[in-house]
Amino acid sequence: MKQSSKCALGGIVAALSLVLMISIAIVPFMEFALPAVAGALITFIVIEIDKKWAFGVYLAVAILGMLLVPQKEVSVMYLAFFGYYPIIKAIFESKLPIFLSWALKVLSFVATMVVSYYLMIKFMGVTLDETEEFGAFAIPVLLGTGTLAFILYDIALSKFVTLYLIKWQKRFKRYFK
């Protein structure tokens, strides 16, 4: 792929990711789905160019997201996990046995969510309304539910990659040479 095509693809993915995250102002109930989908777009860069370019696009979107996205929780979720997850997913799955890969992916998700929410509560004034309503069980239940959702997200991302490689990659290559 030519350098100009790499720049164009990176710009398109970055712009789409930002538009998705900024659209939280229109659909406020999708605060976890939008950064997850925006992060999934990084997969195109990982597949078509390489992990270094994907990391560069991730950084650009993360910085612009922190500046432009109205709901900071969305930006933090992208910055803290969903933006770079397709990159580490590719690394884990290509270099490690499946059991170890899954263990590290789930561990990285849980650790990132715990640290992210701690920092958001401590420094950004984000509150967990569920803790007032459900008490001490709220955090483990939310973390467990989030982990289950993450596992489904990982499986869906793998299916998306397979679908892309089988059906769409040939069409894509015609536009970006």
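Anything mentioned here points back to the structure above.
Residues numbered from 1 in each chain as written. Predicted model: local features only at pLDDT ≥ 70, side-chain atom pairs only at ≥ 80, totals over all residues. Heavy atoms only, no water.

(A) Spotlight on the packing of helix 6 (residues 85-95) against helix 7 (residues 98-123). Where helix 6 meets helix 7, the axes come as close as 9 Å, and the angle between the chain directions of the two elements is 155°. In terms of orientation, helix 6 and helix 7 fall into the roughly antiparallel class. Helix-helix and strand crossings are classified by hand; for helix 6 and helix 7 the assignment is right-handed. Contact residues: Tyr 85, Ile 88, Lys 89, Phe 92 and Glu 93 in helix 6; Ser 101, Leu 104, Lys 105 and Ser 108 in helix 7. Residues of the contact of helix 6 with helix 7, tallied by class, amount to four nonpolar, two polar and three charged. (Axes fitted to C-alpha atoms, helices over the stretch in contact; angles between N-to-C directions. Helix = DSSP H or I, 4+ residues; strand = E, 2+ residues; numbered from the N terminus. Parallel < 35°, antiparallel > 145°, perpendicular 65-115°, else oblique. Left-handed = near helix turned anticlockwise from the far one by under 90°. Contact = heavy atoms within 4.5 Å. Nonpolar A, V, L, I, M, F, W, Y, C, P; charged D, E, K, R; others polar.)

(B) Expanded view of a nonpolar patch on the surface. The grouping of Ile 22, Phe 55, Leu 59, Ile 63, Leu 64, Leu 67 and Leu 68 at the surface amounts to a nonpolar patch, some 640 Å² of accessible area in total. Examining the composition of the nonpolar patch, we find that six residues originate from one element, helix 4 (residues 51-68), more than from any other. In this structure, Leu 64 sits in helix 4. Judged by its relative accessible area of 36%, Leu 64 is partly exposed. (Patch = residues over 30% accessible without salt bridge, like charges linked within 9 Å, V, L, I, M, F, W, Y side chains within 5 Å. Areas by Shrake-Rupley, 256 points an atom, 1.4 Å probe, with all protein chains shown as cover. Salt bridge = Lys/Arg side-chain N within 4 Å of Asp/Glu carboxyl O. Buried < 20%, exposed > 50% of the residue type's maximum accessible area, 1.4 Å probe, protein only.)

(C) Here's a closer look at the packing of helix 1 (residues 3-22) against helix 4. Following both chains from N to C, one finds helix 1 and helix 4 inclined at 35°, their axes separated by 9 Å at the closest point. Here helix 1 runs over helix 4; the crossing is right-handed. From helix 1, Gln 3, Lys 6, Cys 7, Gly 10, Val 13, Ala 14, Ser 17, Leu 18, Met 21 and Ile 22 reach across to helix 4, where they touch Trp 53, Val 57, Val 61, Leu 64, Gly 65 and Leu 68. Its residues assigned to classes, the contact of helix 1 with helix 4 comprises 11 nonpolar, four polar and one charged.

(D) The arrangement of the environment of Ile 166 in detail. As for its placement among the helices and strands, Ile 166 is situated in helix 9 (residues 138-175). Between the C-alpha atoms of Ile 166 and Glu 48, which are 118 residues apart in sequence, the distance is 14 Å.

(E) The arrangement of the environment of Gly 83 in detail. Note that Gly 83 resides in the loop between helix 5 (72-82) and helix 6. For Gly 83, the contacting residues outside a window of four places in its chain are Gly 39, Ile 42, Tyr 58 and Tyr 78.

(F) Local environment of helix 9. The first and last C-alpha atoms of helix 9 sit only 48 Å apart over 38 residues, clearly below the 56 Å expected at 1.5 Å per residue. Within helix 9, burial applies to Ala 138, Thr 147, Phe 150, Tyr 153, Asp 154, Leu 157, Tyr 164, Gln 169 and Phe 172. (Expected span 1.5 Å × (residues − 1).)

(G) Just the nonpolar core, in detail. If you look at the biggest cluster of nonpolar residues, it comprises 25 residues, and the most contacted ones within it are Val 13, Met 21, Ile 42, Ile 45, Val 57, Val 61 and Tyr 78. Mapped by element, the contributors of at least two residues to this core are helix 1, helix 2 (33-40), helix 3 (42-48), helix 4, helix 5 and helix 9. Residues contacting Val 13, with those up to four places away along its chain left out, are Leu 41, Ile 42, Phe 44, Ile 45 and Val 57. By size, the runner-up hydrophobic cluster in this structure holds 17 residues, among which are Phe 81, Phe 82, Ile 88 and Met 120. (Core = buried A, V, L, I, M, F, W, Y, C linked by side-chain atoms within 4.5 Å.)

(H) Up close: the environment of Ile 88. Its location among the elements puts Ile 88 in helix 6. Owing to a relative accessible area of 17%, Ile 88 belongs among the buried residues under this scheme. Through-space distance from the C-alpha of Ile 88 to that of Ser 158 is 13 Å; in sequence the pair is 70 residues apart.

(I) Up close: the side chain of Lys 6. The topology assignment puts Lys 6 in helix 1. Nearest to the buried, unbridged Lys 6 among oppositely charged side chains is Asp 50, at 5.7 Å. Apart from the residues within four sequence positions on either side, Lys 6 is in contact with Met 1, Ile 49 and Trp 53. (Lys, Arg positive; Asp, Glu negative; His and termini not counted.)

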